[in-house]
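Tertiary structure, described
Here are the chains, one letter per residue:
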Amino acid sequence: MFMNSNLRKHIRHYTLNLLSLMSKPKPGVHILNGHFLSLNNSTSNIVFKILLEKLIKNGINLINIQDACDKIINKSFSIKNCEVAFTFDDGFEECFTKIAPVLDSYNLKAAFFVNPGFIDGNENYRQNFLKNIVCINSPKNPMSWNQLIKLKNNNHIIGAHTLDHQRLQAAPEAETQIVKCKELIQEKTNGTCDYFAFPYGRLEDFDELSLQIASKYYKFIFSQSDYRNYFSFQGKVINRRHFECDWPHRHVLYFLKSKSI
Ligand SMILES: [Zn+2]
């Protein structure tokens, strides 16, 4: 039987609320990956502040992304504390205008994975990027290079997400997309770019050849998949869990589950 999407959304909402009441967040290092504050562009960033407050109230330690990566790479996970760090993909302007100010009020450093093609693209490129590439039905602008420089100077991480948000599985342009992205970010922000998140984030959106290329150019490579395991691709890719800043805190708490190496 066909179930309408609103009903499905409500069922998911109440199921997750219920499940989260029965399971407490587990110790370990969790990386949450979002994209924007909200699909609704008029949402206030208070929603993200409330989410962080609720996480803290539930005993979560918010940590910098650099520390989270070091702990994961060195396999030095806390056995007592549930630690959470944040990353954001696609480089939407609200990362700078709405999300970063909240992070900064906690002195919390995050990673922002950007696509230089979106930043430098004309109106047609941007429209196509939103509608057909990242598939969101909301008018959003990219962060500018100046905004990225400000984030970088404030010790946030500017990471690469390919030039044009290209799916890398068997992509003939994989090398250009991976390498040129790093070069452009380094040139425009006058810093090093060691972090890479492959677009779309599912393990089937990446392959061995792209992994080989990315490993040559980046220290840290991220998926957005398989979050119950710290790593994918034989320990070379760090897994992240999807969230968005306006999600109910109970849903986020539910995803902070025990993890395996
Ligand atoms: Zn993306």
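See the structure shown above.
What counts, and where the lines are drawn
Residues numbered from 1 in each chain as written. Predicted model: local features only at pLDDT ≥ 70, side-chain atom pairs only at ≥ 80, totals over all residues. Heavy atoms only, no water. Axes fitted to C-alpha atoms, helices over the stretch in contact; angles between N-to-C directions. Helix = DSSP H or I, 4+ residues; strand = E, 2+ residues; numbered from the N terminus. Left-handed = near helix turned anticlockwise from the far one by under 90°. Contact = heavy atoms within 4.5 Å. Nonpolar A, V, L, I, M, F, W, Y, C, P; charged D, E, K, R; others polar. Buried < 20%, exposed > 50% of the residue type's maximum accessible area, 1.4 Å probe, protein only. Arc of directions from axis to C-beta. Donors = N, O, S within 2.8 Å, 3.2 Å for Na, K, Ca; no water. Salt bridge = Lys/Arg side-chain N within 4 Å of Asp/Glu carboxyl O.

1. Brief notes about the packing of helix 2 (residues 46-57) against helix 4 (residues 94-105)
Where helix 2 meets helix 4, the axes come as close as 9 Å, and the angle between the chain directions of the two elements is 35 degrees. The crossing of helix 2 and helix 4 is right-handed. Contacts between helix 2 and helix 4 pair Phe48, Lys49 and Leu52 from the former with Ile99, Val102, Leu103 and Ser105 from the latter. The residue inventory of the contact of helix 2 with helix 4, partitioned by class, reads five nonpolar, one polar and one charged.

2. Digging into helix 3 (residues 65-73)
Burial in helix 3 covers these residues: Ile65, Ala68, Cys69 and Ile72. In an axial view of helix 3, the angular spread of the buried residues amounts to 95 degrees, which keeps them on one side of the axis. Just beyond helix 3, the residue with positive phi is Lys75, at close to 55 degrees.

3. Here's the deal with the coordination of the zinc ion
Here the zinc ion is held by Asp90 (OD), His161 (NE2) and His165 (NE2), and the distances to it run 2.1 to 2.2 Å. Here the donor residues of the zinc ion share one chain and are spaced in sequence as D-x70-H-x3-H. Taken together, the residues span a long stretch of sequence, with Asp90 in the loop between strand 3 (82-89) and helix 4 and His161 in the loop between strand 5 (157-160) and helix 8 (174-189) at a distance of 71 residues.

4. Notes on the side chain of Ser225
Mapped onto the elements of the fold, Ser225 is located in the loop between strand 7 (220-222) and strand 8 (231-232). A residue is classified by how much of its surface remains accessible, and Ser225, at 17% relative accessible area, is buried. Beyond its immediate sequence surroundings of up to four residues, Ser225 is in contact with Gly201, Arg202, Leu203, Asn239 and Arg240.

5. Re the pattern of salt bridges
All chains considered together, the criterion is met by nine salt bridges. As a salt-bridge pair, Arg202 and Glu204 come within 3.7 Å of each other at their nearest N and O atoms. A relative accessible area of 41% means that Arg202 is categorised as partly exposed. Of the residues examined, Glu204 reaches a relative accessible area of 41% and is grouped as partly exposed. Three or more residues joined by partner-sharing salt bridges are found here, namely Arg167, Arg202, Glu204 and Asp205.

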